[in-house]
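Below, each chain spelled out in residue letters.
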Amino acid sequence: MEEIKIFAPATVANLSCGFDVLGCCLQNVGDEMLLKKNDLNQLRITKITGADLPMEINKNVAGVAILAFLDRLGSKQGFDIEIHKKIRSGSGIGSSAASSAGAVYAVNKLLDDPFTNNELIEFAMQGELLASGNAHADNVAPALLGGFSLVRSYAPLEILALPAPSEIRMVVLHPMIEIKTRDSRAIIKQNVTLASAIAQWGNLGAFVSALYTNDYKLMGRSLHDAIVEPVRSILIPYFDELKKLALDNGALGFGISGSGPSVFAMCQGDSAAEEVKSAYLNFLQDKEMGFELHVSEINKTGIRIL
Ligand code: HSE
């Protein structure tokens, strides 16, 4: 194969109870990338549409992810890279992760799969390191594996693919402000109380259990964040109102998507998702805030070839 076109999906990280360790993959929101082998032993970003991002390889998240991949493989193969961004940067739905994960997925395919998708996560994390100053895996893992992912450990890296109950719908609202992950990480407190840690690991364990038993109500009860949400939600317009609207209109749970400003409402089934969507539209119609609204199933396969 000399060239490949792929769809690199958006993702929702943290999911309230799993800061930096839990994430899921969305179905119909994502970027497109086109990668071609070249004979120049050179990595070149030849085109970027939809966003103003660096074309220099070592300043671009896709570039550094591919460099980490080629370095481990000991390969000097060159590639020309086109990135067509549909996911806005600073939106909180894994824009940098889609580029990083998409890039390593594509070069892996063009070189006949020397690595598994799970092994690619570590290279894609280099893109996250460049973008946010922290190599978190909770967006790149679900982008590469699909469904829900859990980071059991960062050192050594161990990532588990979790099941995706088919009735889950994610209503993701993106208020049109940009919050850089680097900035929203800087405001988080570095220490947690034992009481909030107990609440958090109880919820995370229960959420994972609920994914295996299709217990939607338990998923909802587990979507709480006593640690990060109280700090980050201050940056998000109408956070409390949106949370109340989602829960009053039947959402299973509600939280910040990744580092925000997007927020998600997890719902069971299409009609529940539509109710939350209409309640949001109704609420936002007389507000001055621009926004995007996505309703998505969980994408069970992750990045795909177009
Ligand atoms: N876990 C990361 C954070 C995800 O919340 O900073 C960023 O999308």
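Cut-offs and rules
- Residues numbered from 1 in each chain as written.
- Predicted model: local features only at pLDDT ≥ 70, side-chain atom pairs only at ≥ 80, totals over all residues.
- Heavy atoms only, no water.
- Axes fitted to C-alpha atoms, helices over the stretch in contact; angles between N-to-C directions.
- Helix = DSSP H or I, 4+ residues; strand = E, 2+ residues; numbered from the N terminus.
- Parallel < 35°, antiparallel > 145°, perpendicular 65-115°, else oblique.
- Left-handed = near helix turned anticlockwise from the far one by under 90°.
- Contact = heavy atoms within 4.5 Å.
- Near = heavy atom within 4 Å.
- Polar contact = N/O pair within 3.5 Å; in protein donor to acceptor, adjacent residues only side chain to side chain.
- Areas by Shrake-Rupley, 256 points an atom, 1.4 Å probe, with all protein chains shown as cover.
- Nonpolar A, V, L, I, M, F, W, Y, C, P; charged D, E, K, R; others polar.
- Pairing = 2+ DSSP bridges.
- Salt bridge = Lys/Arg side-chain N within 4 Å of Asp/Glu carboxyl O.
- Buried < 20%, exposed > 50% of the residue type's maximum accessible area, 1.4 Å probe, protein only.

Student: Explain the packing of helix 2 (residues 95-110) against helix 3 (residues 117-132) to me, please; I cannot follow it from the model alone.
Tutor: A pair of packed helices is characterised by two quantities: the angle between their axes and the separation of those axes. The interhelical angle for the contact between helix 2 and helix 3, taken along N-to-C directions, is 140°, at an axis separation of 8 Å. For the element pair helix 2 / helix 3, the angle class is oblique. Between helix 2 and helix 3 lies a crossing whose hand is right-handed. Contacts between helix 2 and helix 3 pair S96, A97, S100, A101, V104, Y105 and N108 from the former with N117, L120, F123, A124, G127, E128 and A131 from the latter.

Student: Can you walk me through the site of the ligand in this structure?
Tutor: Taken together, A13, N14, F19, D20, H136, D138, N139, T181, R185, R232, G258 and S259 make up the full set of residues near the ligand. Within the side chain of D138, one N or O atom sits 2.7 Å away from a nitrogen atom of the ligand. Between R185 and the ligand, the recorded distance is 2.6 Å, taken from a side-chain N or O atom to an oxygen atom. For the ligand, whose accessible area on its own is 260 Å², the fraction buried by protein is 98%. Taken together, the residues of the shell around the ligand sort by class into 2 nonpolar, 6 polar and 4 charged.

Student: Explain the sheet that holds strand 8 (residues 253-256) here, please?
Tutor: Two pairing modes exist for strands in a sheet, parallel and antiparallel, and in both the strands are linked by backbone hydrogen bonds. In space, the 4 strands of this open sheet follow the order 8-9-7-10, with antiparallel pairing throughout. Looking at strand neighbours, the two that pair on one side only are strand 8 and strand 10 (291-297), the edges of this open sheet. Sheet twist, expressed as the average angle between the axes of neighbouring strands with direction ignored, equals 20°. Of the pairings in the sheet, the one linking strand 7 (residues 168-175) to strand 10 comprises 7 bridges and is antiparallel in character. Bridge pairing in strand 10 links M170 to S296. Helix 9 (residues 239-248) contacts strand 7, strand 8 and strand 9 (263-268) of the sheet and is inclined by roughly 155° relative to strand 8. Strands in contact with helix 10 (residues 270-284) are strand 7, strand 8, strand 9 and strand 10; relative to strand 7, the strand with the most contacts, it is inclined by about 15°.

Student: Explanation requested: the pattern of salt bridges in the structure shown.
Tutor: Close approach of charged atoms allows side chains with opposite charge to pair. Considering all chains together, one arrives at 15 salt bridges under this definition. D31 is the partner of K85 in a salt bridge, and the nearest nitrogen-oxygen pair spans 2.4 Å. One end of the pair, K85, is in the loop between strand 4 (78-84) and helix 2; the other, D31, is in strand 2 (residues 22-38), and 54 residues separate them in sequence. For the pair shown, K85 and D31 are each scored as buried. Two residues, K244 and D248, come together in a salt bridge whose shortest N-O distance is 2.6 Å. One end of the pair is K244 and the other is D248, both in helix 9 and 4 residues apart, which spans about a single turn. Accessibility assignment for this pair places K244 and D248 in one class, exposed. Overlapping salt bridges, with partners in common, bring together K5, E32 and K86 in one network.

These figures come from the coordinates and say nothing about function on their own.
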